[in-house]
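Examining the three-dimensional arrangement
Here's the letter readout for the chains.
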Amino acid sequence: MSIDNDKRIFAIIRPSCVTLSQIALAPQEQINTQSLELINALKDVFQNLDSSINPHDIISSNLTDYIFVPLSYLLKLPDLSDTSITYILKIITILIRNSWSANLPYALARQLFPLITYLTGGSPNPKDDTEIKGKSDELKLSGATALQQFFNSLVNQKNKKEYDFFSNVENLPALGHVVTVLLNFTEKSPSCVELQAQSLSTLSTLYFDLINDGEVLSYILPGNVSTLTKVLASRGQRTHYTVLVQTIDLLGKLLLLVYNDEDLGITYQDIQTIQEALQEDQEFDHIQLKDASFQKVHRTRSWLRGTSTQVKMALGNLVVLQDHAKWEVKESLLKFCESVLGECLYSLGTSIPVMVKLMANLSNSLPVSGTFIKTCKNKDYLQEILSSELNNFVDGFSATIQSPNQDKINMNINSIQFLCELGNTNEVVISKLVETTIIELNDMLVKKSKQSANLISESDTITDLMVVMKDMNHLSLNPKALSTYDNVLDASVQLKLARMFQSLGEQIDPSNIINSILIDDIDKTLNERGISLWIVNNLMQGYTTKLQPDLLFDEFLDFQEDSNGTQALAHETPEFTFVILDYCKSLIEEISGLEASKSTEQVSCIALDTIGVVANLMKTEFEMELVDYLYPVIDSLASHSEVIRNHALNSALIISDNLYGGSLNQLVVQNTDYLIDAISVRLSNALTSRSTAILAVCTKLVGYQVVQNFKDVIEITFSLLDYYHGYEDLCLDFFVLFEIIIDEVKREYLSDASKLKIEDFNSQSSFNPWGMKNIDQLINLLDKSQRDIDIVLEKPGYEETINRVQELDSDDEEEEEVLTAEQNQADQEDSKELEDEITKWVSPIPQETYKLLQQMAAYGERLLTHPSVKLELQILRTMKKVIVLFATQPRNLLPIVANLWPIITNLIVNEDPKIVMAACDVLILIIEHSGSFISQRFVQFWRSSMKGHHLFQTTSKLSSLSTKQINLPGLNLKCFQKLSAVIRVALKVLGKSIPDITASEMIETCSPLINDEEIDSFGDFSDIAWMVKFEKYGAPAVGLNEVDMKKEDVVINGISYRFVELVK
Amino acid sequence: MSIVQENSRYPIFTLRKHTHAITATEFVKIPISTTSRLITPSTSTSNSSNSLQTTCKPYVITADEKGNIKLWDLKTHRVVKEIDQAHEGSILSIRQLGITTNTEGTYNINSTLFGFVLTHSRDHTIKFWKLFDDQGLILLKEVYEMPVNALNFSNVDVMDNFLVSANTSDSNKFDIYDLKFLYVESAKHLTREFEAVDLFKQCQQNKYKFTEFNIRGKEEDDPENVNRVDKFGIIMKFLWITKEILAVGYESGHTLIVKVDIKAKKMTIQQISAHHFPNPILSISYNKDNNTLLTSSIRSKIIQHDLSNLQSEPQILKINLTKISNIVTYTDKLILSSWTGYIKFFQNSRQGSETPSYQEIAQFKKPKGLLVGNLNIIGNNQSNDIESQKQYTVKPNSLAVFIGDDLKKGIDPQYQRRLDRRDLMVLQKNFLSVGFDDGTVMVYDDI
């Protein structure tokens, strides 16, 4: 308090005060209350004051009076304008703040309080609020501010023990009025946030700084509660969130003050008997209130009973705020709940469930810690409420989950999870949830399946097989969520539900529940079992996440204990995981026998996911389980359903990540034995397509060595072919497999000799005399010095050897009697050697493998008469590959060729050009590799049927009609070319063993499409080919350009021919 | 659609790694490894050092016609140890030494011999292998080799330290060896306790009347004895029943049960049975649960000898299966394999009664394609000669059984907790292994 300051301020405000005084001190009649002059005067005073006084300055009472006196005159005037009053209130606010706050005489306070209240809110009139409504927000705000300033100074007085303003009963009516006014501002001024905030702030000062007495406040509580909850729960108008926060805080503090358990002296008694528990009003029966005292007159038991119900209803409205957009609101709401739970647990016992529910819902968006439970004074009581609330949620769960509103479902699930996490999980609750989920989800699935038709189509197994093979090494996971019940549940709900079960699993050991879910499945449908497994999967995941941190710890302990020789307690995979694995396997097995549908797909996916989860849980330990559980996963990789493939791939990748550094390839390669064993069982039951696919994949990945280990499985396929050769798909699968095996045999044994030397096997033609194959042999033969029988013996050709053996034999017969035993024996050895020479195995392919190939060919041969074109083509493809391998052992090739000949040649005259072409490919190889062995057969075949081939007939007809280019429709052209190729190869390979006349017949037949380059490939018959062509089309007209072209010129393979008349 | 016939019992898994025909399979018991503490001396004082309280896990040893042997873990279904060319020829018998099961179902372990395995091959040798070391670590290391006669296809059998095998020079006679040398330092050599025992001669000396021989013509008709079967012929099968009782099956179809007194070097014939005459004995099996001996030949019958009453006449059991090459029998079960390709499972429906009645409960036959590859370049690929006929079936060559005896006494829960889950599963099962001509070994674990 400095005089200088006063002087300074006085100097500043004096002129304006003088002006104001001139107006105010004038006779009342002369004062124009509405005049601008007055307003300006007041405004000047306020502004000067406001600018000259710092908030913490204290001005002298003289100065205060100097300022206040004109105001007091003005206040006697009726109908001052709102603006004037506003300035007056503002000035008073400054006066209170800077002068009276420190020292406010009681008498002045008694005057000021009703005055300010009146100025701000008019006269008290509970029925009619028009007066208060008519005032400007500006005025109200100034009033509320003034009031807060006033209350602050009263607080100061109270603290200084000068007086306690509201302990005097005479002030209570005014108190009622001011509260009404301020509440009115709060409730009815949605457009002025500042006013609402100020009102709430003023109320807060009044209640908690000034009065701070639950007993006193209890009188005005009901109005407060109802107004404040109205503000909070107003749906129509959007209240600013800061106001909401303030309101919640105020309400919370108020309730805490009035209903404080300790203050009320409430004690809790446990329910003693069942009768007690069953009494209707049981909430209050175990609550005891302390007797009335000086401090507690109003708040009696009956008051509590009456008001707490009101409070409960009021609080019930707060639910609308639980998903308010602003987290500040939710946070203060949470704080509100927590403090009510903490301080008013008994008194507001009826509202606690509401609070709990609110918290549960808030847990959707806020992290709610469970600390309030720890600090709670009666945990049992609270837990009881929590668990009963949980039961309510759980009971409502079945209704909720069917709701189309995802948010609602999510909220419900979240609340359950929250309450469970607070330590209320028990097996009963989980079982109930599990049961409900199974029933409801199943219900939805059933409904859905009725609506939508079966969408899964059986795709082509052979292409599937190929897809799997091709993609094995660069399969990548479809990042689309691996959620399963997309058709009935929103992804977020699925996730929430999964989380909930995980959380449940985390809280208690789910062994019993899991076991009971899985064991008790006799009456369950596939869907239900799928859902069960899905739940179990999540429970397990939850349980194991809890185990993970201990795992390291355990291992550490292990190490120590082992060294001490004490019992080692290794981390053990929970027993139920194996039950689950088994369940998965049996489900997948069961499904493999069912027709594909949405449910089989879903259940497969769940089972696969679960295997993946277990694999991830067991890490390297899962290696031991591969023996049983790898096959279902790999098998599903070959599924028709992309969804299943995705899930299978996910699990396969998990396994390979944990065991084989992420290599899917290694996963298969290292475990082919398990896969093959599983396949052998399935094949025996003719579950072929996928099994064959896996077998093919194994073969492709590991190579031929693996085939040696599954020869018995191939025997099964042969056996299946014996029995079920009528089934096209089955046969087709097997021949695709055979083709792959043949490829692998070739790669294994013939990779060095990439190109087989045909000539080595092809020297039996009588036109290639004496078994000679090259010029060196000829020179040797001509070389007299070396022309010795020994040479022949050293390198005997086939026929030579035979003769030699026969000679020896005949010798034996003739001279048998004469020969001594020794000689005889020697001869026998000789002949044995020679026999060995004949049967000598020259092929790089081992005999056993060769036999296997023969077996495949034998089945192919038999099934070439199958009505399925697709199968025939596949067999021919296989044959084409295998002939080359047979050719490595020429002596064994011939019987095979002899068998094949009639069938293949029969296919050459088939109607279907595709088959003809494929058969031609095989025939070409046969001719190339068997050489003169088939000369007679080929000539025979030509004469009897090939000559009359329908394509040849057509072309010859066409070419006789016209000399123009032959045009055959579609594949026929290519087919014709293939047939020509057969003839060309035959003529080249068989050479002079074909009579000239026949040869020229052949050439003539295929001439319409022969071009120049091909002519050379006719070998010995090239000249005839030239001749035939020349006769027919004349010589190529060299240098013929497009301009010179005539209509009748023929273009064959880009070369133009003009027909010239032959000179005879 | 299935190629598995009705009533078929498909094996639980198949071991595939041999590339040649399996000729012998045998289950061996190996103390659970790395836990040497599991082999703790028994508390019983009666037989102090000879008895060990051990938890043993069964493994299976398989051998093929090329002399390769493999040791398989029944848990992983994979080879844990293999010896290529362990012998130069087909392996005929595999026996584990030093462990027998007694009537209470517990193991009698002879600690000095436990750990040894012998293999007997057509290459005329018996090889002894150290199967595991003191720590229970699997070795399968050859320790000794002895020459032996294997001109015939007879097996060898071992009981404690006594080995019975065909005589080194005469396949009609047999020898009994003492294997003490394996563990007694001083006994450096193999000792032959009995040499060239000729039971036929003994019979003649005992003036035993072989009525069956008389059916076959008179001596004058065939003075060179070319077609006469008036001897036992070569030995087909041996089987030790106890230390004192040995069963021998002959080419002539005779089965002899003899009492062996090694100390007194004395052998007494207890029973002679000629029920299979004139067909050679193919298999002998002992059922310790009812103390009976079963024998088979190529005919569709099995002869059951009651060993508790050797005076009683052996019973003839008609069986709907010919060429029974192997018999396995325990409790009321009977499992047979035949050269026809069948494995058949029987159960005695008249248990307790003196005359058993075996009902077929299941069977199995390996599927095989009808068309075969043939390297014979002369003649038709699909000729119906005997060679290719045979190929239509996959012959089961060997049959072995493991009965989880440990289970009967129950595994000490303290150990049980420490055992690997899958090891425990193996311990709690009975196994049957079938070795096939195609190199596969099929295993049942649910018999």
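Treat the numbers as computed from the prediction; the structure is a model and nothing was measured. (Residues numbered from 1 in each chain as written. Chains lettered and ligands numbered in written order. Predicted model: local features only at pLDDT ≥ 70, side-chain atom pairs only at ≥ 80, totals over all residues. Heavy atoms only, no water.)

1. Describing the packing of aromatic side chains
Residues and elements named next belong to chain A. If you walk through the whole model with that rule in mind, you get 38 aromatic pairs over all chains. Measuring from centroid to centroid gives 5.0 Å for Tyr106 and Tyr163, while their planes differ by 75°, and the two rings are edge-to-face. Placement of the pair is Tyr106 in helix H5 (residues 106-121) and Tyr163 in the loop between helix H7 (137-159) and helix H8 (172-188), with a sequence separation of 57 residues. On the basis of relative accessibility, which here comes to 26%, the residue Tyr106 falls in the partly exposed class. (Phe/Tyr/Trp six-rings, centres within 6.5 Å; stacked < 30°, edge-to-face > 60°. Helix = DSSP H or I, 4+ residues; strand = E, 2+ residues; numbered from the N terminus. Buried < 20%, exposed > 50% of the residue type's maximum accessible area, 1.4 Å probe, protein only.)

2. Thoughts on helix H17 (residues 352-362) of chain A
Counting buried residues in H17(A) gives nine out of 11 residues, a clear majority hidden from the surface. Taken residue by residue, H17(A) has Ile352(A), Val354(A), Met355(A), Val356(A), Leu358(A), Met359(A), Ala360(A), Asn361(A) and Leu362(A) as its buried positions.

3. Quick word on the state of the cysteines
Using the criterion set out here, one finds zero disulfides over all chains in the structure. Cysteine Cys605(A) is unpaired, with the sulfur of Cys584(A) as its nearest cysteine sulfur at 12 Å. (Disulfide = S-S within 2.5 Å.)

4. Focus on the sheet that holds strand S20 (residues 255-261) of chain B
Residue and element names in this part refer to chain B. The strand order across the open sheet built from four strands is S18-S19-S20-S21, with neighbouring strands paired in antiparallel fashion. The two strands at the open ends of the sheet, each matched to only one other strand, are strand S18 (235-240) and strand S21 (266-273). The average angle at which neighbouring strand axes cross in this sheet is 25°, direction not considered. Here S18 runs beside strand S19 (residues 245-250); their pairing, made up of five bridges, is antiparallel. Its bridge partner being in S19, Lys237 is matched across the sheet by Gly249. (Pairing = 2+ DSSP bridges. Axes fitted to C-alpha atoms, helices over the stretch in contact; angles between N-to-C directions.)

5. Concerning a negative patch on the surface
All names here are of chain A. Where like charges cluster on the molecular surface, the negative patch consists of Asp323, Asp407, Asp486 and Asp490. Within the secondary structure layout, Asp407 lies in helix H20 (residues 406-424). Looking at Asp407, the relative accessible area reads 56%, which means it is exposed. (Patch = residues over 30% accessible without salt bridge, like charges linked within 9 Å, V, L, I, M, F, W, Y side chains within 5 Å. Areas by Shrake-Rupley, 256 points an atom, 1.4 Å probe, with all protein chains shown as cover. Salt bridge = Lys/Arg side-chain N within 4 Å of Asp/Glu carboxyl O. Lys, Arg positive; Asp, Glu negative; His and termini not counted. Charge placed at Lys NZ, Arg CZ, Asp CG, Glu CD.)

6. Things to note about the nonpolar core
Grouped together as the largest cluster of nonpolar side chains are 334 residues, with contacts concentrated most on Phe151(A), Leu206(A), Tyr207(A) and Phe938(A). The contact partners of Tyr207(A), leaving out residues within four places of it in the chain, are Val179(A), Asn212(A), Leu217(A), Ile220(A), Asn224(A), Leu250(A), Leu254(A) and Leu257(A). Formed by 35 residues, the second largest nonpolar core is a distinct cluster that contains Val60(B), Phe132(B), Ile138(B) and Ala400(B). (Core = buried A, V, L, I, M, F, W, Y, C linked by side-chain atoms within 4.5 Å. Contact = heavy atoms within 4.5 Å.)

7. Digging into the pattern of salt bridges
This model, assessed by the stated rule, comprises 44 salt bridges over all chains. Note that Arg16(B) and Asp677(A) form a salt bridge whose closest N and O atoms lie 3.0 Å from each other. Of the two residues, Arg16(B) is situated in strand S1 (residues 13-16) and Asp677(A) in helix H31 (residues 672-684); the pairing between them involves two chains. Take Arg16(B) and Asp677(A): they sit in the same class, and that class is buried. Via salt bridges that share partners, Lys585(A), Glu625(A), Asp628(A), Arg421(B) and Arg422(B) belong to a single interconnected network.

8. Observations regarding the interface of chain A and chain B
Listed per partner, the contact involves 49 residues of chain A and 35 residues of chain B. Here chain A packs against chain B, burying approximately 3800 Å² in sum over the two surfaces, 50% of which is carbon and sulfur. The tally of links from chain A across to chain B stands at eight salt bridges. Asp673(A) is paired through a salt bridge with Arg78(B); the nearest N and O atoms lie 2.7 Å apart. The interface formed by chain A and chain B contains 21 residue pairs in polar contact (both at pLDDT 80 or more). (Buried area = accessible area lost by both parts, 1.4 Å probe. Polar contact = N/O pair within 3.5 Å; in protein donor to acceptor, adjacent residues only side chain to side chain.)

9. Here's the deal with the packing of helix H34 (residues 711-724) of chain A against helix H40 (residues 847-863) of chain A
Residues and elements named next belong to chain A. Packing of H34 against H40 leaves a shortest axis separation of 11 Å and a crossing angle of 15°. Put simply, H34 runs roughly parallel to H40. Here H34 runs over H40; the crossing is left-handed. Facing H34, whose interface residues are Lys711, Ile714, Glu715, Phe718, Leu721 and Asp722, H40 presents Glu848, Leu852, Gln855, Met856, Tyr859, Arg862 and Leu863. Of the residues in the contact of H34 with H40, the class split is seven nonpolar, one polar and five charged. (Parallel < 35°, antiparallel > 145°, perpendicular 65-115°, else oblique. Left-handed = near helix turned anticlockwise from the far one by under 90°. Nonpolar A, V, L, I, M, F, W, Y, C, P; charged D, E, K, R; others polar.)

10. Some points on the confidence of the model for chain B
Residues and elements named next belong to chain B. When pLDDT is averaged along chain B, the result is 82, and 84% of the positions lie at 70 or above. The least confident element of chain B is strand S3 (residues 40-41), whose mean pLDDT is 41; the most confident is strand S6 (residues 69-73), at 95. Segment residues 34-52 is flagged for pLDDT under 50; beyond a separation of four residues in sequence, or across chains, it makes 25 contacts in the model. Note that residues 379-389 has pLDDT below 50 and, in this model, 11 contacts with residues that lie over four places away or in other chains. Quick note on the complex model: pTM equals 0.76, ipTM equals 0.88. (pLDDT = per-residue confidence, 0-100.)

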